[in-house]
Amino acid sequence: MADIIQLLPDHVANQIAAGEVVQRPASVVKELLENAIDAGSDVVKLIIKDGGKALIQVIDNGIGMSTTDARLSFERHATSKITCAEDLFNLSTKGFRGEALASIAAIAHVELLTKTETDEIGVQLKIEGSKIINQDPIVTPKGTSLCVKNLFFNIPARRNFLKSNQVEFRHITDEFHRVALAHPTIEFHFYNNGSEIFNLPKSNYRQRIVNIFGGKTNEKLVPVIEETQVLKISGFITKPEFAKKSRGEQFFFVNNRFIKSPYLHHAVVSAFEGLIRSDNHPGYFLYLDVDPASIDINIHPTKTEIKFDDEHTLYALLRSAIKHALGQFNVVPALDFEQ
Ligand code: ADP
Ligand code: MG
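The rules we used
Residues numbered from 1 in each chain as written. Chains lettered and ligands numbered in written order. Predicted model: local features only at pLDDT ≥ 70, side-chain atom pairs only at ≥ 80, totals over all residues. Helix = DSSP H or I, 4+ residues; strand = E, 2+ residues; numbered from the N terminus. Rg over C-alpha atoms; globule rule 2.2 N^0.38 Å. Buried ≥ 20, exposed ≤ 12 C-beta atoms within 10 Å, placed from the backbone. Core = buried A, V, L, I, M, F, W, Y, C linked by C-beta atoms within 7 Å. Domains from an automatic or database assignment. Contact = placed C-beta atoms within 7 Å. Near = placed C-beta within 6 Å. Nonpolar A, V, L, I, M, F, W, Y, C, P; charged D, E, K, R; others polar. Pairing = 2+ DSSP bridges. Axes fitted to C-alpha atoms, helices over the stretch in contact; angles between N-to-C directions. Expected span 1.5 Å × (residues − 1). Parallel < 35°, antiparallel > 145°, perpendicular 65-115°, else oblique. Left-handed = near helix turned anticlockwise from the far one by under 90°.

*Asks:* What is the right way to look at the overall build of the protein in this model?
*Replies:* Within the protein, the secondary structure is distributed over nine helices and 15 strands. For 339 residues, the compact-globule estimate of 2.2 N^0.38 gives 20 Å, and the C-alpha radius of gyration of the protein, at 22 Å, lies within 12% of that figure. In terms of its C-alpha atoms, the protein occupies a principal-axis envelope of roughly 70 × 55 × 40 Å. Expressed as a percentage of its 339 residues, the buried residues of the protein come to 36%.

*Asks:* Mind showing me how you'd approach the nonpolar core here?
*Replies:* Considering soluble globular proteins, one finds that nonpolar side chains tend to be buried as a cluster. Ranked by internal contacts, the top residues of the largest apolar core, which has 77 residues, are V29, L33, I104, A105, V224 and I322. Shared between two domains, this core takes at least three residues from each, and those domains are domain 1 (10-200) and domain 2 (216-331). Excluding residues that lie within four positions of it along the chain, I104 makes contacts with V22, V28, E31, V110 and V148.

*Asks:* I'm lost on the site of ligand 1 in this one. Help?
*Replies:* In the vicinity of ligand 1, 24 residues are found, and the nearest of them are N35, S73, T79, S80 and G95. Every element with two or more residues in the shell around ligand 1 is listed here: α2 (25-38) and α4 (100-107). Broken down by element, the residue count for the shell around ligand 1 peaks at four residues, all from α2. Here the shell around ligand 1 is composed, by residue class, of nine nonpolar, nine polar and six charged.

*Asks:* When you look at the sheet that holds strand β12 (residues 257-259) in this model, what are you seeing that I'm missing?
*Replies:* The pairing of strands in a sheet happens through backbone hydrogen bonds and is either parallel or antiparallel. In spatial order, the strands read β9-β10-β13-β11-β12; together these five strands make up an open sheet with mixed pairing. The open sheet is flanked by β9 (221-227) and β12, the only strands paired with a single partner. Direction aside, neighbouring strands of the sheet carry axes that sit 20° apart on average. Bridge count between strand β11 (residues 250-254) and β12: three bridges; the pairing is antiparallel. Opposite F253, over in β12, you have F258 as the bridge partner. Along the sheet, helix α7 (residues 205-213) contacts β9, β10 (231-238) and β13 (284-290); its crossing angle with β10, the most-contacted strand, is approximately 35°.

*Asks:* What is the right way to look at the sheet that holds strand β5 (residues 131-138) in this model?
*Replies:* In spatial order, the strands read β5-β4-β3-β6-β2-β1-β7-β8; together these eight strands make up an open sheet with mixed pairing. Strands with a single pairing partner mark the edges of an open sheet, and in this sheet they are β5 and β8 (195-200). With strand direction ignored, the average angle separating the axes of adjacent strands in the sheet is 10°. As paired elements, strand β3 (residues 109-115) and strand β6 (residues 143-149) share seven bridges and run antiparallel to each other. Bridge pairing in β6 places H109 opposite K149. Helix α6 (residues 165-182) contacts β1 (43-49), β7 (187-192) and β8 of the sheet and is inclined by roughly 175° relative to β7.

*Asks:* It is not clear to me how α2 should be interpreted in this structure. Could you clarify?
*Replies:* Since the α-helix turns once every 3.6 residues, residues separated by three or four places project in the same direction. An ideal rise of 1.5 Å per residue puts 20 Å on 14 residues; α2 measures up with 20 Å between its terminal C-alpha atoms. Among the 14 residues of α2, 13 are classified as buried, and the element is accordingly described as predominantly covered. Of the residues one or two after α2, G40 is the one with positive phi, at around 75°.

*Asks:* Help me understand the packing of α6 against α7, please; the structure alone is not making it clear to me.
*Replies:* Helix-helix packing is described using two parameters, namely the angle between the two axes and the distance between the axes. At a minimum axis separation of 9 Å, α6 and α7 run at an interaxial angle of 155°. Overall, the two elements α6 and α7 adopt an arrangement that is roughly antiparallel. Handedness of the α6/α7 crossing: right-handed. For the pair α6 and α7, contact is made by H177, A180 and L181 and by R208, I209 and I212, respectively. In the contact of α6 with α7, the residues fall into four nonpolar, one polar and one charged.

*Asks:* Explain the pairing of strand β2 (residues 55-60) to me, please; I cannot follow it from the model alone.
*Replies:* Both faces of the sheet carry side chains from a regular strand, because those side chains alternate between them. Pairing of β1 with β2, which is carried by six bridges, proceeds in the antiparallel orientation. By the bridge assignment, I48 is partnered in β2 with I56. Counting the residues in the hairpin turn of β1 and β2 gives five residues, including D50, whose phi is positive at 50°. With six bridges joining them, β2 and β6 adopt antiparallel strand pairing. Opposite V58, over in β6, you have L146 as the bridge partner.

*Asks:* Which parts of the structure should I look at to understand the domain arrangement of the protein?
*Replies:* Where interface size is quoted, it is often the accessible area lost as the parts come together. Examined at the domain level, the protein breaks down into domain 1 (10-200) and domain 2 (216-331). Just the C-alpha atoms count here: the centres of domain 1 and domain 2 sit 29 Å apart. Taken residue by residue, the interface counts 14 residues in domain 1 and twelve residues in domain 2. Among the secondary structure elements, those contributing two or more residues to the side of domain 1 that touches domain 2 are α1 (10-21) and α6. When residues in the side of domain 1 that touches domain 2 are grouped by element, the largest group, three residues, is from α6. Residues of the side of domain 1 that touches domain 2, tallied by class, amount to six nonpolar, three polar and five charged.

If you want it as structure tokens, here you go:
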């Protein structure tokens with residue numbers, strides 16, 4: 001029989017990989033915001049149109065890229081963030097897989113503008129279907145602008161699968177909240193269809209929560225703080241009387257990365273036992289700082305699930321930290337601990 005195996009061309013491989021990384025416009029927003037943060041930016045702008053279907057743009061004032069790096073950044077497995085597998089267990093960046101830009105460029109029209117501090121002049125690249133179709137030198141401030149248009153233009157099935165602009169917008173807003181809550185010292189602006197809907201100045205965790213969810217949130221928050229040799233828990237829970245029927249605002253961050261964890265969620269909810277009705281949900285904004293060597297982030301391309309070395313201890317510590325916070329609050333409800 002004749003040989004039948006062949007290597008997939010890069011653009012096909014990229015399209016397939018893109019399916020995992022980019023489910024919807026919000027996935028692109030997440031990846032671009034994370035790249036802006038990894039680049040050390042302190043002002044980040046997000047601009048979207050039509051629920052991200054027409055346009056997603058992120059502009060940052062980070063380190064930018066040289067022309068060579070800019071061209072390379074769209075290759076698969078091209079990253080400046082790790083050099084070997086061991087680095088995975090000492091991560092200080094959001095990214096490390098070197099897949100996001102390659103994936104996005106495989107399924108959208110992309111325009112990149114970037115300049116480093118030391119370069120006199122920047123570069124503009126246009127990429128379509130994984131191919132660089134245009135490159136020009138350009139005068140641009142230090143930092144990077146990445147503009148993504150016509151998402152899934154070459155995968156009609158995926159494009160048709162997208163929900164209404166409103167629903168996609170909601171998903172994008174959720175991603176924006178997660179990133180902004182994890183990085184209160186970065187200034188964020190968010191423009192939707194031409195109007196600015198969030199203008200978040202540099203601040204602290206508490207103020208960032210209030211700036212996002214409104215002034216009334218402030219009185220609902222109870223600070224949580226617990227520190228052991230291996231773990232720091234900080235952040236806020238909402239007072240029991242503000243528990244809601246709907247799931248509401250529930251956020252876990254591990255080393256400033258938003259994660260989903262039904263297990264840790266259970267730890268929080270169980271600490272509220274007896275204080276709220278069982279069909280109500282407490283809100284929480286909890287920040288866990290752990291040794292990067294004690295977690296594995298590389299179990300899913302979107303990195304919202306992670307593996308902890310010692311989940312049981314974490315569960316117990318979290319539960320007791322919340323109980324402690326609730327106890328403090330119950331004994332002296334008038335006191336408000338600033339963090
Ligand atoms: P990863 O973030 O996993 O490294 P990406 O595909 O998201 O992979 O990005 C590839 C590389 O492009 C990054 O490692 C980084 O060097 C560069 N890069 C991407 N976005 C930016 C940005 N906004 N500013 C500076 N460099 C960037
Ligand atoms: Mg990235």
